[in-house]
2 protein chains.
Amino acid sequence: MRIDIANALGGEPALDREALDELDAEVAAVHDRITTGMETDEFGYAALNLPERTDTDEIRAAVAPFEDSETVLTVGIGGSALGAATIANALESETAAYFLDNVDPEQTTRLLDSLDLSRTAVNVVSKSGTTAETLANFLVVREAMQREGVDWTERTVVTTGSEGNLRNLAEKHDLPALPVPEGVPGRFAALSTVGLACAAIQGHDIDAVLAGAAAERDRLSGSLYDAPAYAYGAVSYALAERGAATNAFMPYAESLETFAEWFAQLWAESLGKDGQGQTPARALGATDQHSQLQLYRAGPRDKLVTLVRPTERADRDIPETELSGLSYLGGSSLGTLLDAELDATEASLAAADCPNVRVEIDRVDERGLGELLFGMEAACICYGELAGLSTFTQPAVEWGKKAARGLLGGGEFAESEQVRDRAQLLVE
Amino acid sequence: MRIDIANALGGEPALDREALDELDAEVAAVHDRITTGMETDEFGYAALNLPERTDTDEIRAAVAPFEDSETVLTVGIGGSALGAATIANALESETAAYFLDNVDPEQTTRLLDSLDLSRTAVNVVSKSGTTAETLANFLVVREAMQREGVDWTERTVVTTGSEGNLRNLAEKHDLPALPVPEGVPGRFAALSTVGLACAAIQGHDIDAVLAGAAAERDRLSGSLYDAPAYAYGAVSYALAERGAATNAFMPYAESLETFAEWFAQLWAESLGKDGQGQTPARALGATDQHSQLQLYRAGPRDKLVTLVRPTERADRDIPETELSGLSYLGGSSLGTLLDAELDATEASLAAADCPNVRVEIDRVDERGLGELLFGMEAACICYGELAGLSTFTQPAVEWGKKAARGLLGGGEFAESEQVRDRAQLLVE
């Protein structure tokens, strides 16, 4: 992963080289903190040890029974789905990957009706084994298999904690079962069993994902000017402190669209606390130049725009044309056009004083994805340390979970009463 | 469309009923302005006349040759794609819809390789007939058809202005050609030929879309308390003025995911100017409760969260279960769970003083989509009027278009020189 931070300086919010040099001393301390956390496998920091800790042989062995699958259906939500989806939607495979990461009845029915469940591997992921959405979907999928005469116990692999519903179920039915790593929050688990079981079923080179991640870990150092991940984390933090409340995250590759979703979870859930946190806004280049760029250039000066791209990709020629005024396109290529659009957008943001950062990998392949996943995790931890946040927790989501559970008759919770007591001011 | 604004009041940023009552006088003036604009078919305001102006017979006649199509491929970008995609991705059809709305060479090749082009209708949309991305993609598609021995002139419909490349091409090859409506910016064109040709090829009831839009138009009135569209626009504006820089737009239906993208363009490009404009952040319920909710509840007090849902949908039962602690789910349904999650999230935001608004339609069908599309357009215009913005222009995107064109050899532009002169501060 390479980061170009030149355009992060001199815009508005204002950040200059001197301020960044000062911040670099703090980054050195952050690096020490992170290194200690890694050495002691401390909660959260343990995620950065996954490149060497994750046992890819164990993953391959667990999914070996599903080699014949034409599709893999991952049932999970949030961190239990987004890492796997990032890889699945970035890389081509003959084994199609689908995700039940919501509880939309129409979508679920449509998806299950479209699959040959006898050729589908079901990959159920929940650390606790009690996540309402995931377990509800799993119950629905299991019933659909039974209805079609498919033995669900032959087609299901679970990734879960050492106890709980899913662990018990795996033991009872002798399902292949993978552990979730200790000390790793879900959104930091892409480089573990949680993110890689699906990729293994799809036949991707999961060792190469980890090799890319390890290469990115080796780039960590005591200075933001030497460590791409820290450069990204420190610049984002410094700009957020100065008013860049939004981080518009804009890959120039359709294959990285889900990576932007993964990033949005990582950033929002890790850094959104204590009244702090930069709001991630997912975008896609070049498409969103025709949607969001007007706002980025001419709206409030409260944004950092992150442009992400691979420097190499399979290209496609644009045919020569007789159409007037389009001869400049004919004989060029879609890739050349897309690259020119990123270059132009970057410069147009700079010309409008909108801070922006360029993130590059060589290719969208297993290694490149490993670099991006690890790099952004380390960047996020760096930001969290600089801001003094509790990066690895997400206490604010509990309220709603209790309320929903109470509404469904799963217990008595004061939160549910507040839902029932809601006021209305209806305009219709 | 129904709007519940009770939770927009009393949170942080602070907005109270008294301030809203004061704003209502301005809304009355805005309604007069909009009514005048509609009566005189003024640029932009003309969009609100589309429910009665759009000629659905003309659209059906133009696409009649494609009745045999198994897929429709829309080639367009920004406002030329998002309206059509909103409808296509919301409603089921036996005719699959795909979109080339980017210039990603890998994605384009993958898509074209997957289609039977002899059974594909190509729907090319560009008002000017010179949009670089759209014309490049069209040239690529045309060549792919020729390679496969498909007569592209038999399988292409264009929607374009009264002159330009596409109009000339249509005349030369006698292609079915639809006009773009006069005085309607692309992002406000969903209810015209631009958004409805694709829907017509898919066999959707485009008259019902317009009927839903007309019903929403009939709800416009001189008070925000009587007009759902103005209630949404006025509340968004008032909160933005008070610090809600972000509008997190979160449908609780997978089928409305693209509608959130359409909204994001409408909001960003219309209102993002003069240093103003609320940044749309697309989200999806219930999935993003596990991704963004932590930030919304515990991060900076700079957000409005918009929750959107249909009140009726095809449901799916959750089977009874022996799993411990999950009996409350067994015998319920996915729809009940999803509704409980919206209710719980709404209350959890209110409990955290985060302003939120609920938007409801009866069903995700043609009529409901018409209500949403028209309603949000009118809401956006209302916001723009209240803020004194030039809602219908997008001047800030021109810089990058010129720069990209220059980089590709399409002329000499000072902007391209700035791209070439870019500084670097590379961390690798």
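As the structure is a prediction and not an experimental result, all values here were calculated from the model.

## Points about the relation of the copies chain B and chain A
Consideration 1: Superposing chain B onto chain A takes a rotation of 180 degrees plus a shift of 0.0 Å along the axis, which leaves an RMSD of 0.0 Å. Each copy turns onto its partner about a two-fold axis. For chain B, the minimum C-alpha distance to the rotation axis belongs to B:Ala281 and amounts to 2.5 Å.
Consideration 2: Both copies share a contact surface, since 100% of the interface residues of chain B are interface residues in chain A too.

## Observations concerning helix α11 (residues 257–271) of chain A
Consideration 1: Taking 1.5 Å of rise per residue, 15 residues should cover 21 Å, and α11(A) covers 21 Å from first to last C-alpha, within 8% of that figure.
Consideration 2: Counting buried residues along α11(A), 14 of its 15 residues qualify, which places the element largely inside the surrounding structure.

## Overview of the packing of helix α3 (residues 56–63) of chain A against helix α8 (residues 193–201) of chain A
All names here are of chain A.
Consideration 1: Running from amino to carboxyl end, α3 crosses α8 at an angle of 55 degrees, the nearest separation of the two axes being 9 Å. The angle between the axes of α3 and α8 places the two elements in the oblique class. Crossing of α3 against α8: the hand is right-handed. Residues Ile-59, Arg-60, Ala-62 and Val-63 of α3 lie in contact with α8, whose contacting residues are Thr-193, Leu-196, Ala-197, Ala-200 and Ile-201.
Consideration 2: Classifying every residue of the contact of α3 with α8 gives 7 nonpolar, 1 polar and 1 charged.

## Concerning the sheet that holds strand β2 (residues 71–75) of chain A
Residue and element names in this part refer to chain A.
Consideration 1: Overall, parallel pairing links the 5 strands, which are arranged β3-β2-β4-β5-β6 in an open sheet. The sheet is open, and its two edges are formed by β3 (96–100) and β6 (177–179), each paired on a single side. If you compare each strand with its neighbour and ignore which way they point, the axes differ by 20 degrees on average.
Consideration 2: Direction of pairing for strand β5 (residues 156–160) relative to β6: parallel, over a ladder of 3 bridges.

## Topic: the domain arrangement of chain A
Residue and element names in this part refer to chain A.
Consideration 1: In terms of domains, chain A is made up of domain 1 (2–36 + 210–387) and domain 2 (55–180).
Consideration 2: Taking the mean C-alpha position of each, domain 1 and domain 2 sit 32 Å from one another.
Consideration 3: Taken residue by residue, the interface counts 11 residues in domain 1 and 10 residues in domain 2.
Consideration 4: For the side of domain 1 that touches domain 2, the leading source of residues is α11, giving 6 residues.

The rules behind these values
- By convention here, each chain's residues receive numbers from 1 onward along its written sequence.
- Note on labels: chains are lettered from A, ligands numbered from 1, in written order.
- Where totals are concerned, whole chains, interfaces and linings use all residues; where local detail is concerned, this predicted model gives features only for residues with pLDDT of at least 70, and gives and counts side-chain atom pairs only at 80 or more.
- Residues below a pLDDT of 70 in either copy are left out; the C-alpha atoms of the rest, at least 70 in both, set the least-squares superposition of the copies.
- Any pair of residues counts as being in contact when their C-beta atoms, constructed from backbone geometry, are within 7 Å of one another.
- Comment: elements are numbered from the N terminus, with helices defined as DSSP H or I runs of at least four residues and strands as E runs of at least two.
- Every helix has an expected span of 1.5 Å times one less than the residues it contains.
- To sort residues by burial, count the other C-beta atoms lying within 10 Å of each one's C-beta; a count of 20 or more means buried, 12 or fewer means exposed, and anything in between means partly exposed. C-beta atoms are built from the backbone.
- Only the stretch in contact is used when a helix axis is fitted, and all axes are lines through C-alpha atoms; the angle between N-to-C directions ranges over 0 to 180 degrees.
- Convention used here: angles under 35 degrees read as roughly parallel, angles over 145 as roughly antiparallel, angles from 65 to 115 as roughly perpendicular, and any remaining angle as oblique.
- Crossing handedness is defined as follows: a turn of the near helix away from the far one that is anticlockwise and smaller than a right angle gives a left-handed crossing, while the clockwise case is right-handed.
- Lys, Arg, Asp and Glu make up the charged group, whereas Ala, Val, Leu, Ile, Met, Phe, Trp, Tyr, Cys and Pro make up the nonpolar group; the residues left over, Gly among them, are polar.
- At least two DSSP bridges between two strands are required for those strands to pair.
- The domain limits used here are those given by an automatic or database domain assignment.

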